[in-house]
Number of protein chains: 6
Amino acid sequence: MAKRIFVTRREVFSSAHRLYNPAFTDDENELVYDKCNNYHGHGHNYVLEVVVEGEIDERTGYVIDLKVLKKIIIENVIRKVDHKHLNLDVDFMKDVIPTAENIAVKIWEQLVDKIPNGRLYKIRLSETENNYVEYFGE
Amino acid sequence: MAKRIFVTRREVFSSAHRLYNPAFTDDENELVYDKCNNYHGHGHNYVLEVVVEGEIDERTGYVIDLKVLKKIIIENVIRKVDHKHLNLDVDFMKDVIPTAENIAVKIWEQLVDKIPNGRLYKIRLSETENNYVEYFGE
Amino acid sequence: MAKRIFVTRREVFSSAHRLYNPAFTDDENELVYDKCNNYHGHGHNYVLEVVVEGEIDERTGYVIDLKVLKKIIIENVIRKVDHKHLNLDVDFMKDVIPTAENIAVKIWEQLVDKIPNGRLYKIRLSETENNYVEYFGE
Amino acid sequence: MAKRIFVTRREVFSSAHRLYNPAFTDDENELVYDKCNNYHGHGHNYVLEVVVEGEIDERTGYVIDLKVLKKIIIENVIRKVDHKHLNLDVDFMKDVIPTAENIAVKIWEQLVDKIPNGRLYKIRLSETENNYVEYFGE
Amino acid sequence: MAKRIFVTRREVFSSAHRLYNPAFTDDENELVYDKCNNYHGHGHNYVLEVVVEGEIDERTGYVIDLKVLKKIIIENVIRKVDHKHLNLDVDFMKDVIPTAENIAVKIWEQLVDKIPNGRLYKIRLSETENNYVEYFGE
Amino acid sequence: MAKRIFVTRREVFSSAHRLYNPAFTDDENELVYDKCNNYHGHGHNYVLEVVVEGEIDERTGYVIDLKVLKKIIIENVIRKVDHKHLNLDVDFMKDVIPTAENIAVKIWEQLVDKIPNGRLYKIRLSETENNYVEYFGE
């Protein structure tokens, strides 16, 4: 019987963002987002981990070739967000408040239909060495 | 529909401890705990990860503001254990053998009722770069 | 009631390997494995995490003494794979394509019956800082 | 005789920046800075290490109390750059192209006269896990 | 001509300590050492790097076999400090305030005459992920 | 006056090697290199840091564009050693015992004449998380 396994590819991207809800007043934005609400933005080296679950193909020993997964992540996520401003430059982040939570959900949506073998299981996104979020698509 | 996500805050604390069960003889303590039973104690930089699960608030993009979670962790855990001796200085560790397992359970108990949004999902506690434990409250 | 917890021991080993399926032609091997198919092999510092799940023994505060778990891992895995060629030197990897996926499954099989307290829950194996796999025994 | 030693304090800050020289044409900026020239900026978690050299005070065992050094770094650097846009929000970066090289030099200038014990020896600034610079004040 | 090179071996040890100068009053100790002065001590996972400088032996390709250097460090330092209280259990720390600075100097003294090939160049000692010291024997 | 600064680019490569001196008997090789002498080799994820020293160009804020330095390292080192066997596949390692010391010297020789701005200052090569060497070209 084929073995079920989870494989992960890690990629890093460097982006600017500003936490800001246009439906809030300036004072509310300040209150909710504090220093993350800085008008000109700030930035992070985001660490993205994409976890794919599937059965090991007995002929190759792979669920999915991680070089293939890497290309899918770069094409669909990294080249769109790396060295960009998440509020202003990224089509799939349009009209979304770029918290780590929302970025993870949006990256999930970018990738979920693009995985040729196995299925997308988890997006893990670290914003700093002390903060990270995990999203399972639900 | 609101998205369910897991958010994590990492904090570090530096404590002394001694593994020792007063119900054991000295020889039993030596046998069970070996070098961790050193009479004057030893210590670690513990790495604590507190994972909270919840739905993303669409107005803020947060489950819980991690700055709020940080304050809760510092108030209820870090200021009580950091630069302390876990056997001798910490109220919530009284009468507990301070293995990583027991520390994680006790940190869970300190935090489980204090999370204002979402619910506490996991405590992950690293004692060294080679040893860590995870507790889910059951 | 006893608390259920997950404890992890991390060990590192340095091995050579070559991704190659003898049932494939040379061209197929090249196509599937690309640079991982290099005739003379290449190598990694593999990072192995062995996760054991169980109830905390109230007398010791342990599920399993991590010094004991360490010895079991070294005896059954590390001394067989560290500073070895995974295709050529390791009995339990015989006739297996040494992808990270397959190595994790084989390490699981080496360890699953050797854990004296608790039960083996997960094998996590990192091949590089960007690639890792997780196997839960199913 | 007093012992000479080097002590280091590490702090992290998250900032946006854009590499851009107003004396260049747009094409030159694009050519020189490539993706770092993105109009709306991008960002990093910068890792700053401040190294102070001095003699160990025999009464305290310190060159400089690292809690004191931490406060000096936070007051003079971190609170000015963390969660800011380096081109637009930071007084001491005015009219400077915010390459890691120039940021390190400017941080040196912020700190060199503020160290009460010992002398500033080195600024080390990591922009990503793959890029860092070191400046010794010359 | 033989090439000059620097080789480093890293080891970790877990110890308790208390910063306290018996020549100070309690208030002075509190003022100088703050939370590091906790009566029952606290602790760290210290990361020790021992750097040896020398010429590459053309027959072996080594300055000094790092397995040999490892044994020297373990014999002379690690087995004396690991899982110990630095103020109370360690002969070579007797009558020394166990700041990272002083520990590094004392480790230098333990090792400087024990290196069979090359010469001891530097001791680097990390107390936490944010604090480290470097000592060159002067 | 132009500021002197040190800039570093980090790259990783995964290679197999065997420590073996053909001028030694088998017993001597076993004695000197122990498990590193395994007949079929073993391997590592080597972490290479290339440090370039130079003056900051006031027009660009760079000593050398790290994207340029990255390309030089990949062209002259990484594509030759990554996913290769250092004893058998690498032209510039021919007739060299592939200790970390010798690999660092040979990487220096590959790069020293290829740096268009600034000058090569140091090669730092980590073989494992516990072992690394540094070479300054002398």
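Residues numbered from 1 in each chain as written. Chains lettered and ligands numbered in written order. Predicted model: local features only at pLDDT ≥ 70, side-chain atom pairs only at ≥ 80, totals over all residues. Heavy atoms only, no water.

A. Representation of the overall build of chain A in the model. Along chain A, the regular secondary structure elements total three helices and five strands. Its helices and strands taken in sequence order, chain A reads β-α-β-α-β-α-β-β from the N to the C terminus. Projected onto its principal axes, the C-alpha coordinates of chain A cover approximately 60 × 25 × 25 Å. Burial statistics for chain A: of 138 residues in total, 62% are counted as buried. In the structure as shown, chain A presents an accessible area of about 5,800 Å², 46% of it carried by carbon and sulfur atoms. For chain A, the centre of its 19 positive side-chain charges and the centre of its 24 negative side-chain charges are spaced 8 Å apart. (Helix = DSSP H or I, 4+ residues; strand = E, 2+ residues; numbered from the N terminus. Buried < 20%, exposed > 50% of the residue type's maximum accessible area, 1.4 Å probe, protein only. Areas by Shrake-Rupley, 256 points an atom, 1.4 Å probe, with all protein chains shown as cover. Lys, Arg positive; Asp, Glu negative; His and termini not counted. Charge placed at Lys NZ, Arg CZ, Asp CG, Glu CD.)

B. Summary view of the packing of aromatic side chains. Applying the stated criterion across every chain, the model contains 42 aromatic pairs over all chains. When the centroid spacing of 5.3 Å and the interplanar angle of 85° are considered together, the rings of Tyr121(A) and Phe136(A) count as edge-to-face. In this pair, Tyr121(A) is assigned in strand β4 (residues 119-128) and Phe136(A) in the segment after β5 (131-135), connecting sequence segments 15 residues apart. Ring plane angle 80° and centroid distance 5.6 Å describe the contact between Trp108(F) and Tyr135(F), whose orientation is recorded as edge-to-face. Pair noted here: Trp108(F) is in helix α3 (residues 100-111) and Tyr135(F) is in strand β4 (residues 131-135), with a separation of 27 residues, a long-range link. For the pair formed by Trp108(F) and Tyr135(F), the shared burial category is buried. Grouped by ring-pair contacts, the aromatic residues Phe6(A), Tyr121(A), Phe136(A), Phe6(B), Tyr121(B), Phe136(B), Phe6(C), Tyr121(C) and Phe136(C) constitute a single cluster. (Phe/Tyr/Trp six-rings, centres within 6.5 Å; stacked < 30°, edge-to-face > 60°.)

C. Molecular detail of the interface of chain C and chain F. Facing the 23 residues of chain C at the interface are 23 residues of chain F. Buried area between chain C and chain F, both sides added, is near 1,800 Å², and the carbon and sulfur share of it is 47%. Contact with chain F buries area across many residues of chain C, yet His40(C), Asn45(C) and His83(C) alone supply 34% of it, more than any other trio. Counting every contact that joins chain C to chain F gives four salt bridges. Note that Arg10(C) and Glu129(F) form a salt bridge whose closest N and O atoms lie 2.7 Å from each other. Scanning the region where chain C abuts chain F turns up 21 residue pairs in polar contact (both at pLDDT 80 or more). Sorting the residues of the side of chain C that touches chain F by element identifies β1 (4-17), β2 (42-55), β3 (84-85) and β4 (119-128) of chain C as the ones contributing at least two each. Sort the elements by how many residues they give to the side of chain C that touches chain F and β1(C) lands first, with five residues. Broken down by class, the residue content of the side of chain C that touches chain F amounts to four nonpolar, 12 polar and seven charged. (Contact = heavy atoms within 4.5 Å. Buried area = accessible area lost by both parts, 1.4 Å probe. Salt bridge = Lys/Arg side-chain N within 4 Å of Asp/Glu carboxyl O. Polar contact = N/O pair within 3.5 Å; in protein donor to acceptor, adjacent residues only side chain to side chain. Nonpolar A, V, L, I, M, F, W, Y, C, P; charged D, E, K, R; others polar.)

D. Geometry of the interface of chain D and chain A. Each partner contributes residues to the interface: chain D has 23 residues there, and chain A has 23 residues. Buried surface at the junction of chain D and chain A, both sides included, amounts to about 1,800 Å², of which 47% is carbon and sulfur. At the boundary of chain D with chain A, the tally comes to four salt bridges. One salt bridge connects Lys35(A) with Asp82(D), and the closest N-O pair in it is separated by 3.2 Å. Here chain D is connected to chain A by 21 residue pairs in polar contact (both at pLDDT 80 or more). Secondary-structure elements contributing two or more residues to the side of chain D that touches chain A are β1 (4-17), β2 (42-55), β3 (84-85) and β4 (119-128) of chain D. Considering each element in turn, the side of chain D that touches chain A owes the most residues, five residues, to β1(D). Here the side of chain D that touches chain A is built from residues that sort into four nonpolar, 12 polar and seven charged.

E. Fine view of the environment of Lys114(D). Residues and elements named next belong to chain D. With respect to the secondary-structure elements, lysine 114 resides in the loop between α3 (100-111) and β4. Spatially, the C-alpha atoms of lysine 114 and asparagine 37 are 33 Å apart, while their sequence positions differ by 77 residues. Once residues lying within four places of it in the same chain are set aside, the contact partners of lysine 114 are Ile72 and Asn76. Here the side chain of lysine 114 touches glutamine 110 through a polar contact of 2.8 Å, landing on its backbone oxygen.

F. Inspection of the environment of Glu75(B) at higher detail. Position of Glu75(B) relative to the elements: it lies in helix α2 (residues 66-81). Considering only alpha carbons, one finds Glu75(B) and Leu111(B), 36 residues apart in sequence, at a separation of 9.9 Å.

G. Broad picture of the relation of the copies chain D and chain A. Each copy of the sequence occupies a distinct position, and chain D is placed on chain A by a rotation of 180° and an axial shift of 0.0 Å, giving an RMSD of 0.0 Å. What we have between these two chains is a two-fold relation. A high fraction, 100%, of the interface residues of chain D reappear at the interface in chain A, so the copies pair face to face through one surface. (Least-squares fit on C-alpha atoms with pLDDT ≥ 70 in both.)

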